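Reading the structure
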Amino acid sequence: MRNILAEIVEQKRAIVDEAKAQLPLDRIRSELEVGHFRMSRAIVKGGWSLIAECKLQSPAKGRLNSTHSVVEMAKIYEANGAAMLSVHTDPHFLGSNESFVEVRRAVELPLLRKDFVIDEYQLCEARWLGADAVLLIVRILSAEQLRKFLYIAWTLGMDCLVEVHDAADMSTALSTRAAFIGINNRNLKTFETTIDQTLELMPIADRSRTLISESGVFSIDDIKKLRAAGVDGVLVGEGLVRAKDIAAQTRLFALTEG
């Protein structure tokens, strides 16, 4: 069976090596400005937050939206109640560093750089691009790497969304001081989604952390189930970008509709 995550991570190593050759880490460090933990101010524990994702393509489903650019999506999300934006920079999702910078210039909301972080270089690069937060996927990092990357991101003034997929991932995440835990509803091998993933893991989650359900959210019924389970917010990509009315769907998921 095809393992999409493994394929992406393998290709990511070459991408990072090429980036290092073109723009050395020392130069990035000398040019970046330390952030101000804007995610921590935007995503409030005990409230409700929508992290809206600017995504044009999925490795499993192909092109998701051909009518809007990521910048146009970002502006719609910002105008309709999103608390924060997630912007892909991985080419499997038609993301790029250039499009991330364009979004950063176009909106005021905090930005999460959505990528597959496997190297310290990507953390510094993220802040250099203007990211307020980064995604750290437990499944592709050792426990030692996870702790190290959290610390590096924090020294750069960035928050971290630590992504888990099962009980073992959750245990690893909770062994750190991560404030934001993202429960990804996507099967990492097939990329199929179900919010049951979040509902099954919530009983073992630490409710003192801010808990975000990621992917597989397509309806207000999904939102209601997740809120009832104690989730603090959702990160939604496909459920927004494929909507007939992206603005209305954003308001609905941000619970600002009506």
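Read on for an overview of the structure. All values reported here derive from a predicted model rather than from experimental measurement.

Okay, the overall build of the protein next. Assigned secondary structure in the protein consists of twelve helices and ten strands. In terms of overall size, the protein behaves like a compact globule, its C-alpha atoms giving a radius of gyration of 17 Å where 258 residues would be expected to give roughly 18 Å. Summarising its shape, the C-alpha atoms of the protein cover approximately 50 × 40 × 40 Å along the three principal directions. Buried positions account for 56% of the 258 residues belonging to the protein. At a minimum sequence separation of 6, the contacts of the protein that also span at least 24 residues come to 68%. Carbon together with sulfur atoms contributes 49% to the accessible area of the protein, which is approximately 11,100 Å² in total. On the protein, the mean spot of the 32 positive side-chain charges and the mean spot of the 35 negative ones are 2 Å from each other.

A word on helix α7 (residues 143-155). Given a rise of 1.5 Å per residue, 13 residues ought to cover 18 Å, and the 19 Å separating the end C-alpha atoms of α7 matches this to within 8%. Along α7, the positions that sit buried rather than exposed are Leu146, Phe149, Leu150, Ile152 and Ala153. All buried residues of α7 project into a common sector of 170° when viewed along the axis, lining one side. Across from the buried face of α7, at angles greater than 90 degrees, the exposed residues are Glu144 and Tyr151. Of the surrounding elements, those touching the buried residues of α7 are α6 (120-129), β6 (133-137), β7 (159-164) and α8 (167-174). At the exit of α7 stands glycine 157, carrying a positive phi of roughly 80°.

The sheet built from eight strands closes into a barrel, its strands ordered β1-β4-β5-β6-β7-β8-β9-β10 with parallel pairing. The average angle at which neighbouring strand axes cross in this sheet is 25°, direction not considered. Bridge analysis of strand β8 (residues 180-184) against strand β9 (residues 210-214) gives five bridges, and the strand direction is parallel. The residue of β9 that forms the bridge with isoleucine 181 is leucine 211. Seen against the sheet, helix α5 (residues 97-106) touches β4 (84-88) and β5 (111-114) and runs at an angle of roughly 175° to β5.

With that out of the way, let us pick up the nonpolar core. Of all hydrophobic cores here, the largest spans 91 residues; its most connected members are Leu50, Tyr77, Leu85, Val103 and Leu136. Among all residues touching tyrosine 77, those that are not within four sequence positions of it are Ala52, Glu53, Cys54, Ala82, Leu85, Leu240, Val241, Ile246 and Thr250.

Among the residues of α8, Asp169, Met170 and Ala173 are the ones counted as buried. Relative to the axis of α8, the buried residues are bounded by an arc of 100° and lie together on one face. Those residues of α8 that are buried lie in contact with α7, β7, β8 and α9 (196-201).

Definitions and limits used
Residues numbered from 1 in each chain as written. Predicted model: local features only at pLDDT ≥ 70, side-chain atom pairs only at ≥ 80, totals over all residues. Heavy atoms only, no water. Helix = DSSP H or I, 4+ residues; strand = E, 2+ residues; numbered from the N terminus. Rg over C-alpha atoms; globule rule 2.2 N^0.38 Å. Buried < 20%, exposed > 50% of the residue type's maximum accessible area, 1.4 Å probe, protein only. Contact = heavy atoms within 4.5 Å. Areas by Shrake-Rupley, 256 points an atom, 1.4 Å probe, with all protein chains shown as cover. Lys, Arg positive; Asp, Glu negative; His and termini not counted. Charge placed at Lys NZ, Arg CZ, Asp CG, Glu CD. Expected span 1.5 Å × (residues − 1). Arc of directions from axis to C-beta. Pairing = 2+ DSSP bridges. Axes fitted to C-alpha atoms, helices over the stretch in contact; angles between N-to-C directions. Core = buried A, V, L, I, M, F, W, Y, C linked by side-chain atoms within 4.5 Å.

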